[in-house]
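So you can see what is in the structure, the chains are spelled out below.
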Amino acid sequence: YRYALGYVNKNNSCRSHKVLRLIDDYIYLAVNHAPENRFSWYEIYDIETYLWTTLDVPPILEDIVLSACNSGYKLDDHIICFDFTSERVGPLLRLPFCAGLHDYVTLSCVREEKLAALLTHNESNPYEFEIWITTKIEYEKVSWSKILEMDTGPLADRPIAFTHESFFVDEEKNVSMGFDDLNRHTVNIIGEAGYFIELDLGVPVADINCGARRPHLCPYVPSSVQIKQPPGGKRKRKTILEKRQYDQNMLRLAAFIKRTKQEENKWRKRVRVGLKKKTIFEA
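Below you will find a few notes about this structure. Fair warning: this is a prediction, and the values are worked out from it, not measured in the lab.

## Focus: the overall build of the protein
Phase 1: Each helix and strand in the protein was counted, giving one helix and 18 strands.
Phase 2: Split into buried and exposed, the 283 residues of the protein put 41% on the buried side.
Phase 3: If you take every contact in the protein between residues at least 6 apart in sequence, the share linking residues at least 24 apart comes to 47%.
Phase 4: For the protein, the accessible area works out to roughly 17,100 Å², and carbon and sulfur atoms hold 53% of it.

Listed below in structure tokens is the structure:
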């Protein structure tokens, strides 16, 4: 599962929080991407009412990035916004640039209400990157402003832009910060006029030997919110139809997991046959 936390403004001082939960996956080892090789399921949980609701969402969402009132999903040169008030997915919204096939695009939150997009020109010049920030982001509309553009070639013997996971942006000082792509205990700080600092944390943030993912940089200071617990600790389904949909989706999920294992076994068999033929040929 993937999760996104959002809210609905009830008044100036009160927010009603909701949780978006989704599965949108396909069997990448399958020979084709037929419908039976893909599984999608979107639900939203209302913390105030303790109710789960299944959403009718097209299966095209990828790479979740959280912002407080919207969830941004990158799809090629577009993003998609999810509106927690109407509980709907908006149309495709273009990013402020056209990325090349081998370019890197990374999204990050700015405080709680904005998104930042970083483009690394890996195709033409991997030392060059640009950062854009939203000036307006809504369900069906987004506008951007470029806050930083830089060629880091004169500063280092290898690219130092942040192409993985996350980065932090100070929009007032036009400074960006992120973990070094190859060094998990170093944070790079980059700003205007060739400003560049390598900050050594002393110890790696993530242990490579334990298979940990790249470290994630929180782009704003989180705050604690008390989440109401449902009476008896049980979360409810809204209607009988909702309960029926849940049971059907659980059966579909079980079938998808079973098919995934079958395709993995087929792939392993093809690999073993290929290695055997290669051994006979070399002999």
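## Focus on the sheet that holds strand β15 (residues 175-179)
Phase 1: Reading across from one edge, β14-β15-β16-β17 is the order of the four strands in this open sheet, with antiparallel pairing throughout. This sheet does not close on itself; its edge strands, each paired only once, are β14 (168-170) and β17 (196-200). The mean inter-strand angle of the sheet, taken between neighbouring strand axes irrespective of direction, is 15 degrees.
Phase 2: Strand direction decides the pairing type here: β14 and β15, joined by three bridges, are antiparallel.

## What about the nonpolar core?
Phase 1: Of all hydrophobic cores here, the largest spans 14 residues; its most connected members are Ile79, Leu95, Phe97, Ala117 and Trp144.
Phase 2: Counting residues per element, the ones that place at least two in this core are β7 (78-83), β10 (104-110), β11 (114-120), β12 (128-137) and β13 (142-151).
Phase 3: Counting residues per element, this core draws most heavily on β11, at three residues.
Phase 4: One finds Val110, Ile131, Leu148 and Met150 within the second-largest nonpolar core, a separate group that totals 12 residues.

## Description of a nonpolar patch on the surface
Phase 1: Nonpolar side chains collect at one region of the surface, where Tyr195, Ile197, Leu199 and Leu201 lie side by side and expose about 330 Å² of accessible area between them.
Phase 2: Relative to the helices and strands, Leu201 resides in the loop between β17 and β18 (236-237).

## Side note on the packing of aromatic side chains
Phase 1: Using the criterion set out here, one finds five aromatic pairs in the structure.
Phase 2: One Lys or Arg, Arg21, reaches over the ring of Tyr1 and ends 4.4 Å from the middle of that ring.

## Concerning the pairing of strand β4 (residues 51-55)
Phase 1: Most of β4 is tucked away, with four of its five residues classed as buried.
Phase 2: Relative to β4, strand β3 (residues 38-46) runs antiparallel, the two being bridged by five bridges. Residue Tyr42 lies in a different strand from β4, and its bridge partner there is Leu55.
Phase 3: Where β3 hands over to β4, the hairpin turn is made up of four residues, of which Tyr50 adopts a positive phi near 65 degrees.

The rules behind the values
- Residues numbered from 1 in each chain as written.
- Predicted model: local features only at pLDDT ≥ 70, side-chain atom pairs only at ≥ 80, totals over all residues.
- Heavy atoms only, no water.
- Helix = DSSP H or I, 4+ residues; strand = E, 2+ residues; numbered from the N terminus.
- Buried < 20%, exposed > 50% of the residue type's maximum accessible area, 1.4 Å probe, protein only.
- Contact = heavy atoms within 4.5 Å.
- Areas by Shrake-Rupley, 256 points an atom, 1.4 Å probe, with all protein chains shown as cover.
- Pairing = 2+ DSSP bridges.
- Axes fitted to C-alpha atoms, helices over the stretch in contact; angles between N-to-C directions.
- Core = buried A, V, L, I, M, F, W, Y, C linked by side-chain atoms within 4.5 Å.
- Patch = residues over 30% accessible without salt bridge, like charges linked within 9 Å, V, L, I, M, F, W, Y side chains within 5 Å.
- Salt bridge = Lys/Arg side-chain N within 4 Å of Asp/Glu carboxyl O.
- Phe/Tyr/Trp six-rings, centres within 6.5 Å; stacked < 30°, edge-to-face > 60°.
- Lys NZ or Arg CZ within 6 Å of the ring centre and 35° of its normal.

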